[in-house]
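# Descriptive analysis of the structure
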Amino acid sequence: MDLTKFDLKVVPGYEDWLAAQVRQLSIAALKTSTLTCNACGEVSGSYIIEYDGQRFRLPGEETLAFLQFVVTGDRET
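All of these numbers come straight from a predicted model, not from anything done at the bench. (Residues numbered from 1 in each chain as written. Predicted model: local features only at pLDDT ≥ 70, side-chain atom pairs only at ≥ 80, totals over all residues. Heavy atoms only, no water.)

## So, the nonpolar core
Residues Leu 18, Val 22, Leu 25, Ala 29, Leu 64, Phe 66 and Leu 67 are the most contacted members of the largest nonpolar core, which totals 14 residues. Elements with a contribution of two residues or more to this core: α1 (14–31), β2 (46–51) and α2 (60–76). Ranked by residues supplied to this core, first place goes to α1 with 6 residues. In contact with Leu 64, not counting residues within four places along its chain, are Trp 17, Leu 18, Gln 21, Val 22 and Leu 25. (Core = buried A, V, L, I, M, F, W, Y, C linked by side-chain atoms within 4.5 Å. Buried < 20%, exposed > 50% of the residue type's maximum accessible area, 1.4 Å probe, protein only. Helix = DSSP H or I, 4+ residues; strand = E, 2+ residues; numbered from the N terminus. Contact = heavy atoms within 4.5 Å.)

## Overview of the environment of Ala 29
Tracing the backbone shows Ala 29 in helix α1. Note: C-alpha distance between Ala 29 and Thr 72 (43 residues apart in sequence) is 9.0 Å.

## Considerations on the environment of Thr 72
Looking at the secondary structure, you find Thr 72 in helix α2. In terms of polar contacts, Thr 72 uses its side chain to reach the backbone carbonyl oxygen of Gln 68, at 2.7 Å. (Polar contact = N/O pair within 3.5 Å; in protein donor to acceptor, adjacent residues only side chain to side chain.)

## A closer look at the pattern of salt bridges
Taken as a whole, this structure holds 1 salt bridge when the rule is applied. In this structure, Glu 50 and Arg 55 form a salt bridge, with 2.9 Å as the shortest nitrogen-oxygen distance. (Salt bridge = Lys/Arg side-chain N within 4 Å of Asp/Glu carboxyl O.)

## Structural notes on the packing of aromatic side chains
Taken as a whole and judged by the stated rule, the model has 4 aromatic pairs. Pairing Tyr 51 with Phe 66 gives two aromatic rings, centres 5.0 Å apart and planes at 90°, and the pair type is edge-to-face. In this pair, Tyr 51 sits in strand β2 while Phe 66 sits in helix α2, placing the two residues 15 residues apart along the sequence. A relative accessible area of 22% places Tyr 51 in the partly exposed class. (Phe/Tyr/Trp six-rings, centres within 6.5 Å; stacked < 30°, edge-to-face > 60°.)

## Points about the pairing of strand β3 (residues 54–59)
As paired strands, β2 and β3 are joined by 6 bridges and run antiparallel to one another. Bridge pairing links Ile 48 to Arg 57 in β3. Hairpin connection, β2 to β3: the antiparallel pair is bridged by 2 residues, and Asp 52 has positive phi, about 55°. (Pairing = 2+ DSSP bridges.)

What follows is the structure, encoded as structure tokens:
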């Protein structure tokens, strides 16, 4: 098995799970008032996020990690 060519998109249910997690975390992140635009701007497998006056695009996994940071980041420092 060549690990450099593994694609998570071939794992059944992964993409649906990821999208559901991003939706849930985007709602929680909006409640923190630090995220001004939720991750609903999905475009070609990436999400558009507005945070701290900047707009950027992230793939699903990075969106999930970033939203988790926004939601829990202040409590862990």
